[in-house]
Amino acid sequence: MPHDSTPQRRTFVVGISGASGAVYATRLLEQLLRTGAEVHLVVSEYGKRLLFDELNVRKLDLDELLPALAAEPRADDVDQRLVRHPNKDVGAVIASGSFLHDGMVVVPCSSTSLGAIATGAGSNLLTRAAMVTLKERRPLIICHRESPLNLIDIENMRTLTLAGATIAPTNPGFYLHPRTVDDLVDFMVGKILDLLRVEHDLQTRWADHHQSKYDQISPDPN
Ligand SMILES: Cc1cc2nc3c(=O)[nH]c(=O)nc-3n(C[C@H](O)[C@H](O)[C@H](O)COP(=O)(O)O)c2cc1C
């Protein structure tokens, strides 16, 4: 249930930390905002650096952060529905369990943020909001990115899974024959939207027309 007086509006929290793959976050924000949802955004210091390094985003305004959405004829309220919070403001609404929302996604999630959330050691708004999401038993989706993984990451993922989070690493599949980077990004973002129970039309499903013809060929005996 949302936190304000608009009962039908869904509310999500998105955290962007300093792992590669900023485009997953911006595409997710775009999709969530298109559904009419309210989205609370918190970006870590290294998340800001990644947004700049990978997408040339210098300011978290709509034009820079979500140019595709900003270019569309859209309802004027999009800018208000994207609520940005400073990462150092641990007094922001999303730091409190009394703030009702429908789920939080950390995308991309660095090993640093993963560890802070898993150990309860988070001292910034992003990690605090994630820990609060867990304690309130709301969906927490952690889209970790690093490769290879060390045992510390693996143990942190185990801990978070046991605590109720969903670990959804940013590793798109190739079975739908992606042709562009956008196809790969959409595959992952569609998975995240499924986890949030948000309807979408991104290509993620193994539908009939994608079925393998492998059983119709003569198998190679070797
Ligand atoms: C260009 C760049 C790419 C990075 N990519 C990753 C990554 O994919 N995964 C990761 O765990 N850390 C990555 N890091 C390191 C993190 O940003 C760093 O550990 C930082 O402390 C994360 O802090 P945060 O979780 O508060 O954002 C990257 C750093 C830079 C500058």
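Please refer to the structure placed before this passage.
Owing to the predicted nature of the structure, the values given are computational and were not obtained by experimental measurement.

A. The sheet that holds strand β5 (residues 140-144), seen in detail. The strand order across the open sheet formed by 6 strands is β3-β2-β1-β4-β5-β6, and the pairing between neighbours is parallel. Bordering the open sheet on either side are β3 (82-85) and β6 (166-167), each of which pairs with just one other strand. Note that strand β2 (residues 38-43) and β3 share 4 bridges and pair parallel. Counterpart to histidine 40 in the pairing with β3 is valine 83. Set on the sheet, helix α6 (residues 111-119) makes contact with β4 (104-109) and β5; between it and β5 the angle comes to about 145°.

B. Region of interest: a nonpolar patch on the surface. On the surface, a cluster of nonpolar side chains totalling about 270 Å² of accessible area is made up of Leu149, Leu151 and Ile154. With respect to the secondary-structure elements, isoleucine 154 resides in helix α8 (residues 151-162). Under the relative-accessibility criterion, isoleucine 154 is labelled partly exposed at 41%.

C. A look at the nonpolar core. Ranked by internal contacts, the top residues of the largest apolar core, which has 35 residues, are Val14, Leu28, Leu32, Leu82 and Val107. Secondary-structure elements contributing two or more residues to this core are β1 (11-16), α1 (22-34), β2, α3 (62-65), β4, β5 and α9 (181-195). Ranked by the residues each element gives to this core, the list is headed by α1, at 7 residues. Discounting chain neighbours no more than four positions away, the residues touching leucine 32 are Phe12, Val14, Ala37, Val39, Leu193, Leu196 and Val198.

D. How the structure looks around the pairing of β1. Here β1 lies mainly inside the structure; 6 of its 6 residues are buried. Where β1 meets β2, 6 bridges bridge the pair, whose relative direction is parallel. In the sheet register, glycine 15 faces β2, and the bridge partner there is valine 42. Once you follow β1 into α1 and on to β2, the crossover reads as right-handed. Pairing between β1 and β4: 3 bridges, direction parallel. Across the sheet, residue valine 13 finds its bridge partner in β4, namely methionine 104.

E. View of the site of the ligand. Lining the immediate surroundings of the ligand are 15 residues, of which Gly18, Ser44, Ser110, Ser113 and Arg145 lie closest. One nitrogen or oxygen atom from the main chain of serine 20 is found 3.0 Å from an oxygen atom belonging to the ligand. In the model, an oxygen atom of the ligand is placed 3.0 Å from a nitrogen or oxygen of the threonine 112 side chain. Here the ligand has 630 Å² of accessible area as a free molecule, and 72% of this is covered by the chains. Sorting the residues of the shell around the ligand by element identifies α2 (45-55) and α6 as the ones contributing at least two each.

F. Layout of the packing of aromatic side chains. Taken as a whole and judged by the stated rule, the model has 2 aromatic pairs. Pairing tyrosine 175 with phenylalanine 187 gives two aromatic rings, centres 5.6 Å apart and planes at 80°, and the pair type is edge-to-face. Taken as a pair, tyrosine 175 in the loop between β6 and α9 and phenylalanine 187 in helix α9 lie far apart in primary sequence, 12 residues in all. Residue tyrosine 175 is classed as partly exposed on the basis of its relative accessible area of 40%. Note on phenylalanine 187: relative accessible area 6%, which makes it buried. Note on tyrosine 175 and tryptophan 206: the rings are 5.6 Å apart at their centroids and 85° apart in plane angle, and the pair reads as edge-to-face. Taken together, the residues tyrosine 175 in the loop between β6 and α9 and tryptophan 206 in the segment after α9 connect sequence positions 31 residues apart. Ring pairing ties together the aromatic residues Tyr175, Phe187 and Trp206, which thus form one cluster.

Rules of the game
- Residues numbered from 1 in each chain as written.
- Predicted model: local features only at pLDDT ≥ 70, side-chain atom pairs only at ≥ 80, totals over all residues.
- Heavy atoms only, no water.
- Pairing = 2+ DSSP bridges.
- Helix = DSSP H or I, 4+ residues; strand = E, 2+ residues; numbered from the N terminus.
- Contact = heavy atoms within 4.5 Å.
- Axes fitted to C-alpha atoms, helices over the stretch in contact; angles between N-to-C directions.
- Patch = residues over 30% accessible without salt bridge, like charges linked within 9 Å, V, L, I, M, F, W, Y side chains within 5 Å.
- Areas by Shrake-Rupley, 256 points an atom, 1.4 Å probe, with all protein chains shown as cover.
- Salt bridge = Lys/Arg side-chain N within 4 Å of Asp/Glu carboxyl O.
- Buried < 20%, exposed > 50% of the residue type's maximum accessible area, 1.4 Å probe, protein only.
- Core = buried A, V, L, I, M, F, W, Y, C linked by side-chain atoms within 4.5 Å.
- Right-handed = clockwise from strand over helix to strand, strands pointing away.
- Near = heavy atom within 4 Å.
- Polar contact = N/O pair within 3.5 Å; in protein donor to acceptor, adjacent residues only side chain to side chain.
- Phe/Tyr/Trp six-rings, centres within 6.5 Å; stacked < 30°, edge-to-face > 60°.

Purely geometric numbers; function is a separate question.
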